[in-house]
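Listed below, chain by chain, are the residues.
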Amino acid sequence: LFVKHTRTGNPLVDSVAEHQPANEQAYSHYLHHIYHIAPYGFLLSLVRFTDANLFIVLYAGTAYFFSNKMARLVILLGPVASALGGVLLGVAADQLLVRPVAR
């Protein structure tokens with residue numbers, strides 16, 4: 001009746017345990033390197049306010065709100081964290097590579 005690979009061996013208890021709020025370790029584990037880059041992309045999206053950045057900011061806020069409610073929903077942050085990391089890397093590439101060449 002009980003599966004050995006679960007934490008407690010009781011499926012009902014393990015199912016309820018997944019509904020606990022996510023902690024910093026869960027974010028770091030699932031998002032890995034982008035965990036450190038995405039907040040800077042979020043701030044850049046707030047500073048450089050366009051319709052596209054508004055969508056990313058709203059998506060990030062909504063995904064973070066729901067992932068903070070349940071540990072299983074941290075996976076919702078994957079796509080938006082990648083987009084926010086891309087915003088940061090794109091701005092960095094623009095500032096460090098494109099603008100010096102254009103001068």
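None of these values were measured; they are calculated from a predicted model.

**Student:** Explain the environment of Asn68 to me, using residue names and the numbers behind them.
**Tutor:** With respect to the element layout, Asn68 can be found in helix α4 (residues 51-69). Put simply, Asn68 and Tyr27 are 41 residues apart on the chain and 9.5 Å apart in space, counted from C-alpha to C-alpha.

**Student:** An account of the side chain of Ser45 is needed here, citing residue identities and associated values.
**Tutor:** Note on placement: Ser45 falls in helix α3 (residues 34-47). Beyond its immediate sequence surroundings of up to four residues, Ser45 is in contact with Asn53, Ile56, Val57, Leu84 and Val87.

**Student:** Mind laying out the packing of aromatic side chains, listing which residues take part and the relevant values?
**Tutor:** In this structure the tally under the stated criterion is three aromatic pairs. Ring centres of Phe55 and Tyr59 lie 6.0 Å apart, and the angle between their planes is 40°; on these two criteria the pair is classed as tilted. One end of the pair is Phe55 and the other is Tyr59, both in helix α4 and four residues apart, which spans about a single turn.

**Student:** Tell me about the nonpolar core, and name the residues and values.
**Tutor:** Ala22, Tyr27, Leu31, Ile56, Leu77, Val80 and Leu84 are the most contacted members of the largest nonpolar core, which totals 14 residues. Residue assignment for this core shows that the elements contributing at least two residues are α2 (24-31), α4 and α5 (77-102). Broken down by element, this core gets its largest block of residues, five residues, from α5. Not counting the four nearest positions on each side in its chain, Leu31 is found in contact with Leu77, Gly78 and Ala81.

Basis of the calculations
- All residue numbers here refer to positions counted from 1 along the written sequence of the relevant chain.
- Reporting of local features is limited, given that this is a predicted model, to residues whose pLDDT is at least 70; pairs of side-chain atoms are given and counted only at 80 or more, and all residues count toward the totals for whole chains, interfaces and linings.
- Computation of side-chain values: all heavy atoms of the structure, hydrogens and water removed.
- Counting from the N terminus, the helices are the DSSP runs of H or I reaching at least four residues and the strands are the DSSP runs of E reaching at least two.
- Contacts: residue pairs with any heavy atoms within 4.5 Å of one another.
- Stacked, tilted and edge-to-face are the three classes applied to pairs of Phe, Tyr and Trp rings, where Trp contributes its six-membered ring and a pair requires centres within 6.5 Å; stacked means planes under 30 degrees apart, edge-to-face means over 60, and tilted covers the rest.
- Take the buried Ala, Val, Leu, Ile, Met, Phe, Trp, Tyr and Cys residues and link them wherever side-chain atoms come within 4.5 Å; each set so joined is a nonpolar core.
- Exposed residues in this analysis have more than 50% of their type's maximum accessible area, buried residues have under 20%, and partly exposed residues fall in between, with area computed by a 1.4 Å probe over protein chains only.

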